[in-house]
Amino acid sequence: MHYTVGDPIKDAKAPEGPIEDRWDKRRFSAKLVNPANKRKLTVIVVGTGLAGGSAAATLGELGYKVKSFCYQDSPRRAHSIAAQGGINAAKNYRGDGDSIYRLFYDTVKGGDFRARESNVYRLAQVSVNIIDQAVAQGVPFAREYGGLLDTRSFGGAQVSRTFYARGQTGQQLLLGAYQALERQIAAGTVEMHTRHEMLDLVISDGRARGVIVRDMVTGEIETHLADAVVLASGGYGNVFFLSTNAKGCNTTAIWRAHRRGAYFGNPCYTQIHPTCIPVSGEYQSKLTLMSESLRNDGRVWVPLRKGDERPPAEIPEDERDYYLERIYPAFGNLVPRDIASRAAKNVCDEGRGVGPGGLGVYLDFADAIRRLGQHAVEQKYGNLFEMYERITGENPYNVPMRIYPAVHYTMGGLWVDYDLQSTIPGLFVIGEANFSDHGANRLGASALMQGLADGYFVLPTTVGDYLAAGPFGEVDAEAVDEAVGQVRSKIDRLLAVNGDRTADSFHRELGKLMWDYCGMERTEESLRKALERIPELRKEFWENVKVPGDGEGLNQALERAGRVADFFDLAELMCVDALHRTESCGGHFRAESQDADGEALRDDENFAYVAAWEFQEEGGPVLHREDLNYEYVKMTQRSYK
C-alpha cells in the first residue's frame, strides 16, 4: 500500500505556559453550559468500560441527556473488568519519593519519548483525584494493617504507586463506575442501550451528530442523533486473533469513524505483555493474562544451559539465569513490559525456553514464599494463583508459573487534541480508543488511570466547552440516509458471499500473519511480506467467507464477519505505519534499529512525531505529522540498567 504525506498538525490545542498550570488554565477558559441548557443537549457515549461508564455517569450527573451503547448484555461486561494488577496514582503515601512530576516523567520515559507532554502531565495531576473518587464510591482497595491504603510496585517505576484490590482491580473500579452509571439510568439522565453495536458515524455540516447501530437481538438498524459523540470502545489488540482481550473486543467503532475522517494515530504501537500463560494449542481463541503485579515477588528465570529440560526443582541456583536481574540490575524484574517481553523472546530464541515448544520462561515464587510465608503470598495474589492452576493444572505454590509474552494493549488509536476531540468536530475519543497518553509503550497500571481520568475529569470539561457553542441545528437527512445505506450495503454484501470459510478461520490466519510479521519484532522484509499477503487474504475473505443466516435477528456470525472485515483494513494500516517508522521505540521494535546490546534504538531526528493517518478511498492513506517537542523532559536513550 502506498501513502502520501499531507500537511503537518500544528495545533494540538494545549494551553501555553508552565506545564503544571496548563490544565487549570484550560478548565478556567472552557465555556460553561448553564443547567437549563444542559437538559436540551444530548451526548452519545459508545462503550461502557471504565472510560465510557465513568463519562456517561458524569455527564448524566451534570444534567446532559446521555445515550449509552454497548454490545454486551450489561455494562458490567466491558473488558475493563478483566484488568488485574492495579491503578497508578501519585499520592506518595509511602513517602518513597513519588510526585506528580515523577509519575509524569516515568510515563513519558516508559512510552519511549513518543507521547505528548501536556496530556501526560495532566494525567499525572488528575491521578491523585481518581483514588479519592473510587474510595468514595466504595471501591475496596487493599489496605495495610492499620487501615491505610496499600500500594505495590509495577514495571517502569522505582516507587510504589499502584493501588490495587488483589488481582481484581479492574472489576472493582468498573463496579464503582457501573453503580454511578446505574444511578443516572434510574434518574432518567442516561438512556442505556445494551446489545447494540455501532456500525457508522453520522456527520452533518462537518460535525459528528450521531451513530448508526444494529440491535444485535432483533437485527434492526437504528439511527441515534446527538449534539456530540464520544467513542470509548477500547483497543484493537484482537487484530492478532490471539490476545489477552475479551473475544468480542474489536476495532469497528473507531475504524468506521476513521473512514469518516478521524485521523488514526500511531496504529503500529501495540503492546506485548510479558506475563501471559503460553499458547497451548490451535484450539485456543484467546490468551490469559497473569497480572504484572506478580513480578513484585516472582523472579523470572530460565535454565542457564540450552536444551535443559529438567523439572525446575532439579535445576540448582547456579544453573539458573535470572536474566532480567542480570541485564537490568536497577529495575530487575520490574522493567517495562516491552523490555521484559523482548528479553523473554531472546532467551527462548536462544533455545533456553521452557515448556512445550520452548516458548515459556519461569515466574518463580519460591523465594517470596520462604521470605514472607505462603499465607502472605496468598493474601496478595491468591485469586491469580487459583486462576493459573485452573487453566494449567499446575500449583504455582509448588512449581514456578510458566509465562510468555502475548498481545495485550494498543497505544495507537484515533488522534485527539488536548481536549480529547478528534479531527472531526464533535467526535471525542477517550480511554484506549485514543492514542493520547502512553506513547510507544504503556506502563502497567496506567490503563485504568487513563480511562477514569478521561471519563470522570477531563471529558466533562472539554465536551462542555464544545457544547456551549450549540445547539447545532437539524441533522441533514441525506447524511443519515447515506450512513444507513453504507451499513445495510456492507451487511448485504457479507451475507451474499456464501463461501466455504468462516470469518473466524480468516481472522485466525490474519492474526498469525500479523504476529509473525508485525508482532514483537518487525523488519522491512517481514512488513513487506505482510503488505503483500493482507490484500490477498482480504480478497479471499470477500470472495469466500461463509455467513449463515440473515440480518433479521441474532446472528453472531454476521457480527464477527463485520469485525474481521475491519481488522483486515486496520492490519494493512498498521503495517504501513510500522514500515514507514524506520526506528525502534517502545512496543515498535524494528530489528534493523537496535544498539550493540539489542536495545531499541530511537531516531529522534527523523521520527519524534505522532503519525496521524487520514483515510483515503483511493491512493492510500495520507500521513500527517504532529511534532513532539519536549520542554520538561530531556529525550535520552532509555536505560533501566
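Residues numbered from 1 in each chain as written. Predicted model: local features only at pLDDT ≥ 70, side-chain atom pairs only at ≥ 80, totals over all residues. Heavy atoms only, no water.

*Asks:* How do you make sense of the overall build of the protein when you look at a structure like this?
*Replies:* Helices and strands together make up the secondary structure of the protein, namely 17 helices and 21 strands. By the compact-globule yardstick of 26 Å for 641 residues, the protein fits well, its C-alpha radius of gyration being 24 Å. For the protein, the spread of C-alpha atoms along the principal axes amounts to about 75 × 60 × 50 Å. Evaluated residue by residue, the protein yields a buried proportion of 61% over its 641 residues. (Helix = DSSP H or I, 4+ residues; strand = E, 2+ residues; numbered from the N terminus. Rg over C-alpha atoms; globule rule 2.2 N^0.38 Å. Buried < 20%, exposed > 50% of the residue type's maximum accessible area, 1.4 Å probe, protein only.)

*Asks:* In this structure, what is going on with the sheet that holds strand β6 (residues 162-163)? I would like to understand it.
*Replies:* On the basis of which strands lie adjacent, the open sheet formed by three strands has the order β4-β6-β5 and antiparallel pairing. The open sheet is flanked by β4 (87-88) and β5 (151-152), the only strands paired with a single partner. The sheet contact formed by β5 and β6 spans two bridges and is antiparallel. Bridging across to β6, Thr151 finds its partner in Phe163. (Pairing = 2+ DSSP bridges.)

*Asks:* Quick question: what am I supposed to make of the packing of aromatic side chains here?
*Replies:* Both the distance between ring centres and the angle between the ring planes are used here to describe each pair of aromatic rings. By the definition in use, this model includes 24 aromatic pairs. Taking the centre distance of 5.4 Å and the plane angle of 70 degrees together, the rings of Tyr101 and Phe104 count as edge-to-face. With Tyr101 and Phe104 both in helix α4 (residues 100-110) and three residues apart, this pair spans about one turn of that helix. Given the relative accessible area of 37%, Tyr101 is considered partly exposed. Residue Phe104 is classed as buried on the basis of its relative accessible area of 0%. With a centroid separation of 5.9 Å and an interplanar angle of 55 degrees, the aromatic rings of Phe365 and Tyr381 are classed as tilted. Taken together, the positions of Phe365 in the loop between β16 (361-364) and α10 (366-372) and Tyr381 in helix α11 (residues 374-392) put the pair 16 residues apart, joining distant regions of the chain. For Phe365, a relative accessible area of 1% gives the class buried. A residue is classified by how much of its surface remains accessible, and Tyr381, at 1% relative accessible area, is buried. Following the ring pairs from residue to residue traces out a cluster consisting of Phe365, Tyr381, Phe385 and Tyr397. (Phe/Tyr/Trp six-rings, centres within 6.5 Å; stacked < 30°, edge-to-face > 60°.)

*Asks:* What is the right way to look at the nonpolar core in this model?
*Replies:* Among soluble globular proteins, nonpolar side chains are generally buried collectively. If you look at the biggest cluster of nonpolar residues, it comprises 182 residues, and the most contacted ones within it are Ile87, Leu231, Leu427, Leu467 and Phe541. A total of 15 residues in this core trace back to one element, the largest contributor, which is helix α16 (residues 556-580). The residues contacting Phe541, other than those within four sequence positions of it, are Leu494, Val497, Ala503, Phe506, Ala561, Val564, Ala565 and Phe568. Trp301, Tyr322, Val354 and Tyr362 belong to the second-largest nonpolar core, a separate cluster that totals five residues. (Core = buried A, V, L, I, M, F, W, Y, C linked by side-chain atoms within 4.5 Å. Contact = heavy atoms within 4.5 Å.)

*Asks:* Hey, could you run me through the sheet that holds strand β8 (residues 196-204) in this one?
*Replies:* With antiparallel pairing, the three strands of this open sheet are ordered in space as β8-β9-β10. Strand pairing shows two members of the sheet lacking a second neighbour, β8 and β10 (221-225), which therefore form its edges. Across the sheet, the mean angle separating the axes of adjacent strands is 30 degrees when strand polarity is ignored. Where β8 lies against strand β9 (residues 207-215), eight bridges are found, and the strand directions are antiparallel. For Asp200, the partnering residue across the bridge sits in β9 and is Ile212. (Axes fitted to C-alpha atoms, helices over the stretch in contact; angles between N-to-C directions.)

*Asks:* Teacher, can you tell me more about the pattern of salt bridges here?
*Replies:* Side chains carrying opposite charge are able to pair once their charged atoms draw close together. Tallying each qualifying case throughout the model produces 61 salt bridges. Taking the shortest distance from any N to any O, the salt bridge between Arg26 and Asp465 comes out at 2.9 Å. Taken together, the positions of Arg26 in helix α1 (residues 22-29) and Asp465 in helix α12 (residues 447-467) put the pair 439 residues apart, joining distant regions of the chain. Residues joined by salt bridges that share partners form a network here, namely Asp112, Arg114, Asp338, Arg342, Arg581, Glu583, Arg602, Asp604 and Arg638. (Salt bridge = Lys/Arg side-chain N within 4 Å of Asp/Glu carboxyl O.)

*Asks:* Looking at this structure, I do not really get the pairing of β9. What am I missing?
*Replies:* Put simply, side chains in a regular strand alternate between the two faces of the sheet. Counting buried positions along β9 gives eight out of nine residues, so the element sits mostly inside the fold. What sits between the antiparallel neighbours β8 and β9 is a turn of two residues, in which Asp205 has the positive phi angle 55 degrees. Relative to β10, β9 runs antiparallel, the two being bridged by five bridges. Opposite Val211, over in β10, you have His224 as the bridge partner.

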